[in-house]
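Each chain is listed here by its residues.
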Amino acid sequence: MLLKNEKLQVWIEKAKSVRNFFTNKKTVKSARITYQVVWNLFLLLMTVVIIGGSFATGVGAGYFASLVKDEPVRSYEGMKKDIYDYTETSELYFANDVYLGKLRTDLEREEVKLDQVSKDLINAVVATEDSYFYKHNGVVPKAVFRAVFQEVTNSSVQSGGSTLTQQLIKNQILTNEVSFQRKANEILLALRLEKFFNKKEILEAYLNVSTFGRNSSGRNIAGVQTAAKGIFGKNASDLTLPQAAFIAGLPQSPFGYTPFTREGTIKNNLAPGLSRMKTVLKRMFDGGYINQKQYAEASAYDITKDFIPPVANPLEKYPWLTVEIEKRAIETLTTVLAKKDGYTEKDLKNDDNLYYKYQRFADHNLHQNGYQIHTTIDKDIYDAMQKVKDNYKYYGPDKPQEKLDPETGEKKTVIEPVEVGAELIENKTGKIISFVAGRDYSKQQLNHATRALRQNGSTMKPLLVYGPAIELGRAAPGTPLPDVELRLDPTRSTPWPRNYDLRYSGIVSARYALAKSYNVPAVKLYKEILDQRPAKYLEKMGFTSLKKADYEIPATAIGSLTTGVTIEENTNAFSTFANGGKFIDAYLIDKIVDNNGKVIYQHEVKPVDVFKPQTAYLTLDMMRDVVKMGTAAGVRSKLNFRADWAGKTGTGNEYIDSWFVATNPNVTFGIWTGYDTPKSLKTSGMSYSQRTNNLWAELINAAYRIKPDIVAPKESFSMPEGIVKRSYCAVSGMLPSNACSKAGLIESDYFNVNNVPSKIDDSLIEGNFVTIGGKKYLALDSTPKEFAQFGLILNPDFITRMVGKNFKNISQLIPKKDRWGKILVPDAKMVDNGKNPDSVSLNVSGNTLTWSASPDNDVVGYRVYQGGIISTKVASIISGSNLSFTVGNGTYYVTAVDIAGKESAPSNLVEVGAVDPPAPQ
């Protein structure tokens with residue numbers, strides 16, 4: 001008790017001290033001064049804050065105004081159309097307004113009204129995506145400021161600042177572009193949207209627009225109704241609380257949280273989606289939408305048992321076609337929309353960001369604006385070609401291929417079939433009438449007709465070599481070219497190129513070289529015009545993947561390209577010859593009509609001058625021989641109709657690509673076969689080229705049965721003015737000389753009248769030759785005339801012009817054909833061995849003499865003598881002939897004669913017939 005009193009007394013004394021301090025006059029005066037100073041400082045600070053804030057607000061307002069100055073003031077009707085325009089998928093049409101169906105899309109959406117959506121799902125979306133949804137006017141200022149601050153400071157935490165209204169604007173009117181301008185427009189439009197529409201309308205639109213990952217078929221989905229059916233197999237109105245929470249969590253990262261893979265299987269790792277579901281439930285609980293018991297039960301619920309089993313992706317009848325239409329429609333609309341805003345195609349080509357912007361607009365419009373996309377594809381021909389493709393039995397064997405699994409990174413072995421790509425084009429318009437994209441879309445989605453880049457092999461020769469060479473006046477169909485073992489690429493250590501049959505044919509005409517697809521003549525001619533950049537003709541004919549090396553290396557002449565060419569581009573280029581030298585770009589999108597019936601795009605044919613009409617015709621005439629007697633000769637017997645076809649086969653390096661492209665006055669049809677991973681097509685049995693050519697024939701026959709007037713025109717290619725037929729020497733291509741006439745080597749062919757031969761042939765020199773051991777050699781001055789034959793010798797100057805100074809095997813220039821039998825090369829010389837030939841052994845049977853061949857290698861013939869000491873020559877037999885001779889009665893012997901005229905000793909004597917008895921003495 002005493003201790004407590006003492007403590008109390010102490011506190012009383014302290015209180016008195018404090019009171020005395022505050023009542024002290026000095027203390028009061030000091031406090032008053034301090035208060036005045038603090039208050040004045042506070043007023044000053046507030047003044048600065050207000051002024052600074054006003055300034056910052058003004059600057060911010062000005063900056064905001066500058067960002068949205070180009071955004072048009074949208075009307076109620078305009079915004080209503082944009083916001084609710086999520087169900088009008090574009091329609092597709094074959095040629096002649098034949099309906100194909102709705103635009104193929106990976107995004108499935110089914111519209112639903114708000115009163116048909118589970119209350120739990122509505123609450124879950126609001127609690128998760130926009131907890132102030134029912135309170136704000138489209139924008140939450142503090143959320144915007146927070147997001148802007150995080151963006152400016154590059155904060156690792158990005159909480160976002162978009163309301164449901166803003167997200168709806170972004171999805172339906174704007175793009176996903178990340179910029180302050182887009183954000184400013186989004187804020188402005190969100191405020192305007194809230195002015196026009198009530199919360200129910202905005203929420204309903206949002207629930208139908210948002211994306212929700214994939215369904216059990218692996219298809220991309222949008223809208224809560226589609227999500228409910230695709231994930232849980234029920235309507236949006238029937239979802240349980242856990243199911244509603246799971247769906248509501250998907251929009252933040254649709255493909256991160258979705259439970260299904262692209263293939264329609266359950267993901268191995270479902271943790272992200274399950275964690276997100278619990279986050280949604282927590283926000284619903286915090287927002288008062290559910291109680292503690294509901295939160296606990298839903299959080300503990302195993303949602304994975306509610307996922308519906310994977311369902312096979314429904315097959316579409318025209319998957320390749322609809323995908324191709326979509327891609328081309330987007331490309332077309334990109335240009336249309338950009339031009340509408342004042343940009344040119346060149347602007348789009350030179351500015352990737354600009355192109356991407358309008359490509360996004362085009363994609364959005366195509367899937368939202370209910371266009372009618374009209375194409376050039378003939379439905380009946382297309383269907384018929386697919387049936388032929390599916391039933392063809394001679395593609396060749398499937399082959400194993402080791403590949404990396406893109407998901408696991410592990411190597412696995414897959415079986416690859418021989419694939420096919422083909423396209424039929426109308427020449428005068430460029431319409432793509434039909435195409436074959438591949439074997440099985442479910443296994444390979446690549447459109448081999450329009451998107452695959454492959455080496456075009458020898459189909460390149462008329463496009464890059466013979467056509468340009470004729471155009472430049474450096475060649476004609478009859479131009480002689482060397483098919484010999486040359487080294488035409490200095491970077492290689494071995495002779496190059498080689499022909500596909502690994503043989504050489506000597507001097508051949510350009511026409512024959514193309515028909516038989518010889519490589520050496522083509523590359524030799526290409527090198528002669530390479531300095532004039534003939535690849536520029538490929539550019540004009542629509543080749544879009546050429547690289548710098550393709551303009552420079554000789555291998556381009558035989559189709560060895562850096563990246564390759566599509567079947568469409570290669571086929572389209574051939575139509576240039578059918579169009580008299582004008583290239584008309586192939587197209588598939590004929591017109592696009594908007595939902596008001598207005599044509600917003602109509603294709604226009606724009607011919608490009610490539611070759612003169614004379615060049616086009618001469619090249620066509622050469623390609624006729626490919627089908628008549630060349631590498632595609634077997635095709636004619638497979639066709640069910642007649643037409644004036646001109647074409648070219650092609651084989652890629654190491655037999656990895658097989659081609660046949662042919663054109664007639666109406667259409668051009670090209671085909672390619674090969675493995676997706678390049679592998680040789682060679683097998684036993686039917687050759688790869690036969691398999692390709694036969695499939696080409698079956699496909700075009702199918703098209704003919706549907707539209708014979710289109711596929712099989714009655715008229716032939718017409719010869720333009722300026723084409724003449726002239727005779728020339730087959731050795732040099734010059735005007736015939738007497739020597740060429742004696743050799744029987746005068747030919748005739750077509751020429752451009754401006755490029756006919758004007759000089760007399762100088763390729764041949766008259767002379768004599770002998771035959772030894774089956775080979776021909778130049779006769780010597782001392783060679784007996786009885787054993788020499790008249791012949792012609794290739795002029796050394798001509799040989800240098802033809803193959804250069806360093807070519808050694810000159811005899812390769814002489815074709816192994818009878819009509820060339822009298823032509824020799826200047827190095828076909830036999831050197832005299834300096835001795836008389838050895839004698840031969842003679843036999844007789846009846847009246848026929850036979851003898852052995854002389855062992856000497858310079859013997860040019862044999863003489864048959866009758867008599868003994870005094871004898872008479874009765875025959876001269878040229879070396880290489882039968883070593884026999886029929887005689888009458890008498891005594892005979894034979895001698896051998898060499899190239900220098902020296903004669904062997906007589907053979908043994910033989911008696912033929914009865915011998916008179918000696919006269920009596």
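Residues numbered from 1 in each chain as written. Predicted model: local features only at pLDDT ≥ 70, side-chain atom pairs only at ≥ 80, totals over all residues. Heavy atoms only, no water.

Enquirer: Would you mind going over the pairing of strand 23 (residues 775-778) in detail, with residue names and values included?
Expert: The side chains of a regular strand alternate between the sheet's two faces. With four bridges joining them, strand 22 (residues 764-772) and strand 23 adopt antiparallel strand pairing. Considered in strand 23, the bridge of I772 is made with K775. In textbook terms, the turn of a hairpin is the stretch between consecutive antiparallel strands, and for strand 22 and strand 23 this stretch comprises two residues, one of which, G773, has a positive phi near 60°. (Pairing = 2+ DSSP bridges. Helix = DSSP H or I, 4+ residues; strand = E, 2+ residues; numbered from the N terminus.)

Enquirer: An account of the nonpolar core is requested, with residue identities and associated values reported.
Expert: A general trend in soluble globular proteins is that nonpolar side chains are found buried together. Within the largest apolar cluster, 121 residues are counted, with the highest numbers of intra-cluster contacts made by Y466, W696 and L794. Here Y466 is in contact with K461, L481, A510, A513, L514, P521, A522, L525 and M622, once residues within four sequence places are set aside. Listed in part, the 55 residues of the second largest apolar core include L121, Y206, L207 and A228. (Core = buried A, V, L, I, M, F, W, Y, C linked by side-chain atoms within 4.5 Å. Buried < 20%, exposed > 50% of the residue type's maximum accessible area, 1.4 Å probe, protein only. Contact = heavy atoms within 4.5 Å.)

Enquirer: Describe in detail the side chain of D657, supporting the description with residues and values.
Expert: Within the fold, D657 resides in the loop between strand 17 (646-651) and strand 18 (658-663). At a separation of 2.7 Å, a polar atom in the side chain of D657 contacts the side chain of R454. Excluding anything up to four places from it in sequence, D657 contacts R454, Q455, G650, T651, G652, W672, T673 and L681. (Polar contact = N/O pair within 3.5 Å; in protein donor to acceptor, adjacent residues only side chain to side chain.)

Enquirer: So what's going on with the packing of aromatic side chains? Which residues, and what values?
Expert: Scanning the model with the defined rule gives 28 aromatic pairs in all. Centroid distance Y382 to F435: 5.4 Å. Interplanar angle 85°. Geometry classified as edge-to-face. Linking Y382 in helix 17 (residues 379-391) with F435 in strand 10 (residues 432-436), this pair joins segments that are 53 residues apart in sequence. Here the two residues Y382 and F435 agree in accessibility, since each one is buried. Ring geometry for F669 versus W696: centroids 5.6 Å apart, planes at 35°, classification tilted. With a gap of 27 residues between them, F669 in strand 19 (residues 667-674) and W696 in helix 24 (residues 688-706) connect regions that are remote in the sequence. As far as burial versus exposure is concerned, F669 and W696 are alike and both buried. Ring pairs connect the aromatic residues F641, W645, F660, F669, W696 and Y704, which therefore count as one cluster. (Phe/Tyr/Trp six-rings, centres within 6.5 Å; stacked < 30°, edge-to-face > 60°.)

Enquirer: Requested: an account of the pattern of salt bridges, with residues and values cited.
Expert: Enumeration according to the criterion identifies 35 salt bridges in this entry. Note that E324 and R451 form a salt bridge whose closest N and O atoms lie 2.9 Å from each other. Of this pair, E324 sits in helix 14 (residues 319-340) while R451 sits in the loop between strand 10 and helix 18 (460-471); the two residues are 127 residues apart in sequence, bridging distant segments of the chain. Note that K548 and E552 form a salt bridge whose closest N and O atoms lie 2.7 Å from each other. Its relative accessible area of 61% is what places K548 among the exposed residues. Three or more residues are tied together by salt bridges with common partners; here these are R511, D621, R624, D625, D644 and D749. (Salt bridge = Lys/Arg side-chain N within 4 Å of Asp/Glu carboxyl O.)

Enquirer: I'd like to hear about the environment of T872, residue by residue, with values.
Expert: Assignment of secondary structure puts T872 in strand 29 (residues 871-878). Once residues within four sequence positions are removed from consideration, T872 is found in contact with V864, Y865 and Q866.

Enquirer: Quick one: what's the story with the packing of helix 4 (residues 119-129) against helix 8 (residues 199-209), residue by residue and with numbers?
Expert: Contact geometry for helix 4 and helix 8: axes closest at 12 Å, N-to-C directions at 90°. The angle between helix 4 and helix 8 falls in the class roughly perpendicular. Across the interface between the two elements, I122, V125, V126 and E129 from helix 4 touch L203, Y206 and L207 from helix 8. (Axes fitted to C-alpha atoms, helices over the stretch in contact; angles between N-to-C directions. Parallel < 35°, antiparallel > 145°, perpendicular 65-115°, else oblique.)

Enquirer: Now, about the sheet that holds strand 18: what can you tell me, with residues and values included?
Expert: The sheet built from five strands is open, its strands ordered 10-9-19-18-17 with antiparallel pairing. For this open sheet the edge positions go to strand 10 and strand 17, each flanked by a neighbour on one side alone. On average, each strand axis in the sheet is tilted by 5° relative to the strand beside it, whichever way the strands run. Summarising the sheet, strand 17 and strand 18 pair through six bridges and their orientation is antiparallel. Looking at the pairing, T649 lines up with F660 of strand 18. Its contacts with the sheet put helix 22 (residues 567-578) on strand 9 (419-426), strand 10, strand 17, strand 18 and strand 19, and the angle it makes with strand 9 is roughly 35°.

Enquirer: Explain the state of the cysteines to me, and be specific about the residues and the numbers.
Expert: In total, this model carries one disulfide according to the counting rule given. Two residues, C729 and C740, share a disulfide whose sulfurs are 2.3 Å apart. Its S-S torsion of approximately 95° makes the covalent link between C729 and C740 right-handed. Of the two residues, C729 is situated in strand 20 (residues 723-729) and C740 in helix 26 (residues 738-743); the sequence distance between them amounts to 11 residues. We note that C729, like C740, is buried. (Disulfide = S-S within 2.5 Å.)

Enquirer: Got a sec to walk through unusual backbone geometry? Specific residues and values, please.
Expert: With omega at 0°, the peptide bond leading from W496 into P497 counts as cis. You will see that L502, though not glycine, has its phi angle at about 60°, which is positive. Following the sequence through the fold, L502 ends up in the loop between strand 11 (480-483) and strand 12 (506-509). According to the relative accessible area criterion, L502 is exposed, its value standing at 61%. The backbone of S517 sits at a positive phi, close to 60°, despite the residue not being glycine.

Enquirer: Which residues make up helix 12 (residues 271-286), and what are the values?
Expert: In an α-helix, one turn spans 3.6 residues; hence positions three or four apart end up facing the same way. Taking 1.5 Å as the rise per residue, helix 12 with 16 residues should run 22 Å; its terminal C-alpha atoms sit 23 Å apart, in good agreement. Among the residues making up helix 12, those that are buried are G273, R276, M277, V280, L281 and M284. Taken down its axis, helix 12 places every buried residue within 145° of arc, on the same side. Summarising the contacts, the buried residues of helix 12 are in contact with helix 4, helix 10 (241-249), helix 11 (254-257) and helix 13 (292-300). Just beyond helix 12, the residue with positive phi is G288, at close to 80°. (Expected span 1.5 Å × (residues − 1). Arc of directions from axis to C-beta.)

Enquirer: Any chance you could break down the sheet that holds strand 2 (residues 99-102) for me, citing the residues and the numbers?
Expert: Spatially, 2-1-6-14-15 is the arrangement adopted by the five strands of the open sheet, whose pairing is mixed. In this open sheet, the two strands that pair with only one neighbour each are strand 2 and strand 15 (599-602). With direction set aside, neighbouring strand axes in the sheet form an average angle of 15°. Here three bridges tie strand 1 (residues 91-93) to strand 6 (residues 372-375), and the two strands are oriented parallel to one another.

Enquirer: An account of the environment of N889 is requested, with residue identities and associated values reported.
Expert: In this structure, N889 sits in the loop between strand 30 (884-886) and strand 31 (890-898). According to the relative accessible area criterion, N889 is partly exposed, its value standing at 49%. C-alpha of N889 to C-alpha of G846: the two residues are 43 residues apart in sequence and 9.6 Å apart in space.

Enquirer: Can you tell me about helix 27 (residues 796-803), naming the residues and giving the values?
Expert: Restricting attention to buried positions, one finds in helix 27 the residues F798, I799, M802 and V803. When helix 27 is viewed along its axis, its buried side chains cluster within an angular range of 105° and face the same direction. Structurally, helix 27 contributes buried residues whose contacts are with strand 11, strand 12, helix 20 (519-529) and strand 24 (789-794). Taking the backbone nitrogen of D797 as reference, a side-chain oxygen 2.9 Å away marks N795 as the first, capping residue of helix 27.

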